[in-house]
Amino acid sequence: MLLRHTTDKLIERSALTVNPAKTCQPIGAMYASLGIHGCIPHSHGSQGCYAYHRSTLTRHYKEPVIAATSSFTEGSSVFGGQANLLQAFDNLFTVYDPEVIAVHTTCLSETIGDDIPQIIRKAEADGKIPKGKLVIHANTPSYVGSHVTGFANMVKAMVTYLSEPTAHKENHINIIPGYVEPSDMEEIKRLTDEMGIKSIMFPDTSNVLNGPQTGKYRMYPKGGVSVEDLRRTGSSIGTIALGQLASGPAATTMDTKCHVPCEILDLPIGLHGTDIFIDTLRRVAGVYVPDSITNERGQLLDIITDMHQYFYGKKVGLVGDPDQLISMSRDYLPPPNFLAEAN
Ligand code: SF4
């Protein structure tokens, strides 16, 4: 199988990385789940997957990341993980009292073929989900896509499970920030606030994974989009989704389910991308761009001008997720005929 991809001749590659910098879907789903206030991400698989994903997020953000696992053993690997997941609902709601449990699958449970919606329905019928509490799920088979796909699937699940369709529209917009860092989400919210726009951002990991040092451990930090706000996303006048791969599926699902029209943009990285983002905010929300933002834009333009002599003509290598690379290289892409030749 692998030999099929091995060429006869050794080809030196100078501008291409063959091994992509990616990991499996569940870690993206876990990160997205942490952007809901009071949510425990739950990995439906063996302990190894959960430990790997949780520790990777903990190491990266230097924050205690919470998550749970179905702890598959040999028995569940053969007979399926329903009993484990039902037991997990019991334990988690009793001991940790989350608002939401967000279940994502792994290679193992996907290969077995566990039917998570059926297990959730059984848990509801058996009274294992307390009144007012929620369980949502996303299928995240790790042999398809990457961490970005897992993130996109979990954000889409938030819409599928929680957004409520209504004919009554309110004067706020949805923002799906894409697979970006908590501080990026904070900045997107700041710009939106600066323009006087009411928005609901989901997921929102700011103040969850970049919280202040208070000396006290909070299992559920104050950040994250609330379940109540997620329900209200169906009454927004529009959705702005940033990043085609990470946010596109949720935005189109929102459009189909709740008739909230969406605009899917590249990430607002750099002058051009930020211009498009600000202009779309202005148009969708029907507001003016305030002087404060025009001033910031001018300052950025000034920095670009001041620094051009250091960067002119330089070549750089970029590594990142597709959504980020498209946005970072947008202004510097070679003409289309070059790309066609390269392919
Ligand atoms: S690739 Fe599969 S087995 Fe490996 S950590 Fe991811 S979900 Fe688990």
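These numbers come from a predicted model, not from an experiment. (Residues numbered from 1 in each chain as written. Predicted model: local features only at pLDDT ≥ 70, side-chain atom pairs only at ≥ 80, totals over all residues.)

Here's the deal with the overall build of the chain
- Each helix and strand counted, the chain has 14 helices and 8 strands in total.
- Its C-alpha atoms give the chain a radius of gyration of 22 Å, within 12% of the compact-globule value 20 Å for 343 residues.
- For the chain, the spread of C-alpha atoms along the principal axes amounts to about 65 × 60 × 45 Å.
- Taken over 343 residues, the chain has a buried fraction of 41%.
- Sequence separation of at least 24 residues holds for 73% of the intrachain contacts in the chain that already meet a minimum separation of 6. (Helix = DSSP H or I, 4+ residues; strand = E, 2+ residues; numbered from the N terminus. Rg over C-alpha atoms; globule rule 2.2 N^0.38 Å. Buried ≥ 20, exposed ≤ 12 C-beta atoms within 10 Å, placed from the backbone. Contact = placed C-beta atoms within 7 Å.)

A word on the sheet that holds strand β4 (residues 134-138)
- A sheet is described by the order of its strands in space; here 4 strands give the open sequence β2-β1-β3-β4, paired in parallel fashion. Since the sheet does not close on itself, it has two edges, and those belong to β2 (68-69) and β4, each with one partner.
- Across 6 bridges, the pairing between strand β1 (residues 39-44) and strand β3 (residues 100-105) is parallel. When the bridges of β3 are listed, isoleucine 40 appears paired with isoleucine 101.
- Each of β1, β3 and β4 touches helix α1 (residues 25-33); the most contacted strand, β1, lies at about 165° to it. (Pairing = 2+ DSSP bridges. Axes fitted to C-alpha atoms, helices over the stretch in contact; angles between N-to-C directions.)

Focus on the packing of α1 against helix α7 (residues 147-162)
- Following both chains from N to C, one finds α1 and α7 inclined at 40°, their axes separated by 6 Å at the closest point. One element, α1, and the other, α7, form an angle in the oblique class. Crossing of α1 over α7 shows right-handed handedness. Taken together, the residues of α7 that come into contact with α1 (itself represented by Gln25, Pro26, Ile27, Gly28, Ala29, Tyr31, Ala32 and Ser33) are His147, Val148, Thr149, Gly150, Phe151, Asn153, Met154 and Val155.
- Grouping the constituent residues of the contact of α1 with α7 by class yields 9 nonpolar, 7 polar and no charged. (Parallel < 35°, antiparallel > 145°, perpendicular 65-115°, else oblique. Left-handed = near helix turned anticlockwise from the far one by under 90°. Nonpolar A, V, L, I, M, F, W, Y, C, P; charged D, E, K, R; others polar.)

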